[in-house]
Amino acid sequence: MVPHMSALEQCTFLGVFSFVTSLYLAGPIGFPLSFCFGLFFWSHPILGPLFGTMFAVLLGLAIIPLKQQINMTWLNFLLDLFPSAVRYFDAGFVVEGEGIQKGRSYLIANFPHGVHNVGAMLHAGFLLRRLNIDVRTAGANVLFRLPILRHLIAWTGVVPVSRGRLLRTLQQPTATFVTPGGIAEMFLGSDQCEHIKLKTRKGFIKLALQAGADIVPTFYLGNSKLFVRVVSSDSFLANLSRKVRASLIPFYGRWMLPIPFRHRVVVLQGNPIRCEKAIPNPTPEQIDQVHTQFTEALVGLYYRHRHLISGWENRELVVE
C-alpha cells in the first residue's frame, strides 16, 4: 500500500526535486541559448541587454571560485523533506552486520545509478537524520560547471570526482558515497533484470585501500524504475555521454515530466568490508582480492532481499 501524502506535502517535495533536476537539465543549454539570443536581439532596446545580462550572470556563477563548505540552512531544509521522500517512495532500509559507526571512514559503493540516484539521496538522509553520521558524496565533475546547481550541491557536501579530493575526504571520519557505475550505468537496465557495471570498475577499491576506509556494499532496489530512458546503452547519446563525461540522456517520469514515478525504493546496506590500515600502493592482486570479495557481497545482498519489492522475487541481477 502506497503511503498517504497530502497534496501540499507532495507538491512541496516534488517542487524542490523538479527544481534541482531542472537546473541540471537547463544548465548545459543556458549558456548557448542566452548567448545566441543576445546576439540575435543585440539591437533590441530591452531583449538585447536582458539576454546579455543573463549570459554574464550564468558565466559568472559558473566560473567564480566555489567555496566547498556545507550550508547548514540549505542542508537542514533538505533534511526536513526527508520524511516526505520516505513516504513518496515508500522507502525501506535494511542494514546488515555492524552498520556504519561514527569515528570511522567509509566508502559507500552504491548500485545501480539509475537515471537519478534517488537511492543515494534516501540513504544519505537516513545516515544524516537518523544516525547523525557525517556524509559526503562524490559528484560528476560536470556538475561543478553548472551555474546555481554547483552551489546547491556543494552546500550539501558533494565533492568532485577527483582522485586527490576523494582520497583526502576518505582519510577523514566520514561516510562518502561513490557510484562506481557512473554515466555508463545510467543507460543500463531493462524490465526483465537489474543491470550494473562493476567487473572493470576497480578504482574505488584502490582508493579505499589507499585511504584505509571500510567499503560498504550497497544496493538500491527500485532505483532503476523511477524514470523511463528513451535511449539504450549502445545509442549515439550513450557513447557521446561517455566521451564528454556528462549525462546526455533523454528521459521522462510521472506525467511525462522529470518527476520520479511513485515506485518503492529499498536501501540495502551490506556489512562493511574492513580495511584496518591504509595501503599507499596496493598491488593489483590486493585490489582484485577485495574487488572479488565486494562483488560477492553485493550480489548476495541483492538476492537475499530482492523479494522486498513486490514482483521482484525472480528478478535477476546482471553484472557487467
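**Q** Please give an account of the overall build of the protein chain that cites residues and values.
**A** When its secondary structure is counted, the protein chain shows 11 helices and 11 strands. Within the protein chain, the proportion of its 320 residues that are buried is 50%. Within the protein chain, counting contacts between residues at least 6 apart in sequence, those at least 24 apart form 80% of the total.

**Q** Please set out the pattern of salt bridges residue by residue, giving values where relevant.
**A** Scanning the entire structure with this criterion turns up 12 salt bridges. With its nearest N and O atoms 3.5 Å apart, the salt bridge here joins D90 to R264. Of this pair, D90 sits in the loop between helix 4 (82-88) and strand 1 (92-95) while R264 is found in the loop between strand 9 (251-252) and strand 10 (266-269), placing the two residues 174 residues apart along the sequence. Owing to a relative accessible area of 26%, R264 belongs among the partly exposed residues under this scheme. Bridged by salt links that share partners, the residues E98, R104, D214 and R274 form one connected network.

**Q** Now, about unusual backbone geometry: what can you tell me, with residues and values included?
**A** Following F111, the chain continues into P112 via a peptide bond in cis, with omega recorded as -15 degrees. Along the chain, P112 turns up in the loop between strand 2 (106-111) and helix 5 (118-131). At N132, a residue that is not glycine, the phi angle is positive and equals roughly 55 degrees. Mapping N132 onto the fold places it in the loop between helix 5 and strand 3 (135-139). Using a relative accessible area of 54% as the deciding quantity, one classes N132 as exposed. Even without glycine at this site, W255 takes up a positive phi of about 60 degrees. With respect to the secondary-structure elements, W255 resides in the loop between strand 9 and strand 10. For W255, a relative accessible area of 53% translates into the label exposed.

**Q** Residue-level account of empty space enclosed by the protein, with values.
**A** A water-sized probe rolled over the atoms picks out the places where empty space is left. Summed over the entire model, instances satisfying the criterion amount to one cavity of 30 Å³ or more. A volume near 50 Å³ is recorded for the largest cavity. Every residue along the wall of the largest cavity is listed here: P112, G114, E185, L188, G189, C193, E194, H195, S224 and R229. Looking at the lining of the largest cavity element by element, the count peaks at three residues for strand 6 (residues 193-196). Looking at the lining of the largest cavity residue by residue, the classes come out as three nonpolar, four polar and three charged.

**Q** Got a sec to walk through the packing of aromatic side chains? Specific residues and values, please.
**A** Enumeration according to the criterion identifies 12 aromatic pairs in this entry. Centre to centre, the rings of F13 and F17 are 6.2 Å apart; their planes meet at 50 degrees, and the pair counts as tilted. In this pair, F13 and F17 both sit in helix 1 (residues 7-40), four residues apart, roughly one turn of the helix. For the pair F13 and F17, a shared accessibility class is recorded, and that class is buried. Summarising the aromatic geometry, the rings of F13 and F89 are spaced 6.0 Å apart at their centres and angled 85 degrees between planes, so their arrangement reads as edge-to-face. Pair noted here: F13 is in helix 1 and F89 is in the loop between helix 4 and strand 1, with a separation of 76 residues, a long-range link. Residue class for F89 comes out buried when judged on its relative accessible area of 0%. Aromatic rings pair up to connect F13, F17, Y88 and F89 into one cluster.

**Q** Lay out the pairing of strand 2 with the relevant residues and their values.
**A** For strand 2, the tally of buried residues reaches six of six residues, placing the bulk of the element in the interior. Side chains Y106, I108 and N110 of strand 2 all project onto a buried face; the interleaved residues L107, A109 and F111 project onto the opposite face, where all are buried too. Sheet analysis places strand 2 next to strand 5 (residues 175-178), joined by four bridges and oriented parallel. Looking at the pairing, A109 lines up with V178 of strand 5.

**Q** Mind laying out the packing of helix 9 (residues 203-211) against helix 11 (residues 284-305), listing which residues take part and the relevant values?
**A** Interhelical geometry of helix 9 versus helix 11 gives an angle of 110 degrees and a closest axis separation of 9 Å. Put simply, helix 9 runs roughly perpendicular to helix 11. Here helix 9 and helix 11 pass one another in a crossing that is right-handed. Residues F204, I205, K206 and L209 of helix 9 form the contact with helix 11, whose own contacting residues are Q286, I287, V290, H291 and F294. For the contact of helix 9 with helix 11, the per-class residue count stands at six nonpolar, two polar and one charged.

**Q** Got a sec to walk through the side chain of R254? Specific residues and values, please.
**A** Tracing the backbone through its elements, the reader meets R254 in the loop between strand 9 and strand 10. Buried R254, no salt bridge; nearest opposite-charge side chain is E9, N-O distance 11 Å. Not counting the four nearest positions on each side in its chain, R254 is found in contact with Q10, L14, Y88, I259, P260, F261 and R262.

What counts and how
- Residues numbered from 1 in each chain as written.
- Predicted model: local features only at pLDDT ≥ 70, side-chain atom pairs only at ≥ 80, totals over all residues.
- Heavy atoms only, no water.
- Helix = DSSP H or I, 4+ residues; strand = E, 2+ residues; numbered from the N terminus.
- Buried < 20%, exposed > 50% of the residue type's maximum accessible area, 1.4 Å probe, protein only.
- Contact = heavy atoms within 4.5 Å.
- Salt bridge = Lys/Arg side-chain N within 4 Å of Asp/Glu carboxyl O.
- 1 Å grid on protein atoms, 1.4 Å probe; cavity = no way out; pocket = protein on both sides within 12 Å on 5 of 7 lines; lining within 4 Å.
- Points joined across faces, edges and corners; volume = space filled by probe spheres on them.
- Nonpolar A, V, L, I, M, F, W, Y, C, P; charged D, E, K, R; others polar.
- Phe/Tyr/Trp six-rings, centres within 6.5 Å; stacked < 30°, edge-to-face > 60°.
- Pairing = 2+ DSSP bridges.
- Axes fitted to C-alpha atoms, helices over the stretch in contact; angles between N-to-C directions.
- Parallel < 35°, antiparallel > 145°, perpendicular 65-115°, else oblique.
- Left-handed = near helix turned anticlockwise from the far one by under 90°.
- Lys, Arg positive; Asp, Glu negative; His and termini not counted.

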